[in-house]
Amino acid sequence: MRRLLVSGVLLLIILALGTFGYMLIEDAGFLDSLYMTIIAITTFGYDEPFPLGTHGNIFTIFIILIGLGLVISIHSNITVDV
């Protein structure tokens, strides 16, 4: 249970860092940045709400790698606890 709680907190941290990262790097609004972070982490692959520059693309790569690994970890923790 503790692992699941830690994973959930880490997911919130990644969401916050991703959102504010897009706001700083791409000068995007809060909601567009949050949306971009969520579609990157979940790999849904919808169109980006704003065009990404080189720094935004690099940032997205890191968000995908870190976020997807975290989501897989959360899924693993849920299935182990059940």
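Please refer to the structure placed before this passage.
All values reported here derive from a predicted model rather than from experimental measurement. (Residues numbered from 1 in each chain as written. Predicted model: local features only at pLDDT ≥ 70, side-chain atom pairs only at ≥ 80, totals over all residues. Heavy atoms only, no water.)

Before going further, it helps to examine the overall build of the chain. Scanning the chain from N- to C-terminus turns up three helices and zero strands. Across the chain, helices and strands are ordered from the amino to the carboxyl terminus as α-α-α. Burial status across the chain gives 27% buried among its 82 residues. Long-range contacts, defined here as pairs at least 24 residues apart, represent 57% of the contacts in the chain between residues at least 6 apart. In the structure as shown, the chain presents an accessible area of about 5,500 Å², 72% of it carried by carbon and sulfur atoms. (Helix = DSSP H or I, 4+ residues; strand = E, 2+ residues; numbered from the N terminus. Buried < 20%, exposed > 50% of the residue type's maximum accessible area, 1.4 Å probe, protein only. Contact = heavy atoms within 4.5 Å. Areas by Shrake-Rupley, 256 points an atom, 1.4 Å probe, with all protein chains shown as cover.)

In this description, an aromatic ring pair is defined by two values, namely the gap between the centres and the angle between the planes. Summed over the entire model, instances satisfying the criterion amount to three aromatic pairs. Taking the centre distance of 6.5 Å and the plane angle of 50 degrees together, the rings of Phe 20 and Phe 30 count as tilted. Linking Phe 20 in helix 1 (residues 2–26) with Phe 30 in helix 2 (residues 30–42), this pair joins segments that are ten residues apart in sequence. Looking at Phe 30, the relative accessible area reads 48%, which means it is partly exposed. A ring pair is formed by Tyr 22 and Phe 50, whose centres lie 5.9 Å apart and whose planes are at 65 degrees; its orientation type is edge-to-face. Here Tyr 22, found in helix 1, pairs with Phe 50, found in the loop between helix 2 and helix 3 (54–81); they are 28 residues apart in sequence, far enough to count as distant. Taking relative accessible area as the criterion, Tyr 22 reaches 0% and is therefore assigned buried. Judged by relative accessible area, which is 10%, Phe 50 ranks as buried. Counting every residue linked through ring pairs, the aromatic cluster contains Tyr 22, Phe 50 and Phe 59. (Phe/Tyr/Trp six-rings, centres within 6.5 Å; stacked < 30°, edge-to-face > 60°.)

Moving on to helix 1. The end-to-end C-alpha separation of helix 1 is 36 Å, in line with the 36 Å expected for 25 residues at 1.5 Å each. Looking only at helix 1, the buried set comprises Ser 7, Ile 14, Gly 18, Thr 19, Gly 21 and Tyr 22. (Expected span 1.5 Å × (residues − 1).)

So, about a nonpolar patch on the surface. Judged by side-chain polarity, Leu 5, Val 6, Val 9, Leu 10, Ile 13 and Leu 17 come together as a nonpolar surface patch covering roughly 530 Å² of accessible area. Along the chain, the position of Ile 13 falls in helix 1. With a relative accessible area of 41%, Ile 13 lands in the partly exposed category. (Patch = residues over 30% accessible without salt bridge, like charges linked within 9 Å, V, L, I, M, F, W, Y side chains within 5 Å. Salt bridge = Lys/Arg side-chain N within 4 Å of Asp/Glu carboxyl O.)

What follows is about the environment of Ile 64. When you line up the elements, Ile 64 lands in helix 3. For the pair formed by Ile 64 and Ile 14, sequence separation is 50 residues and the distance between their alpha carbons is 10 Å. With near-sequence residues (within four places) excluded, Ile 64 lies in contact with Ala 40, Thr 43 and Gly 69.

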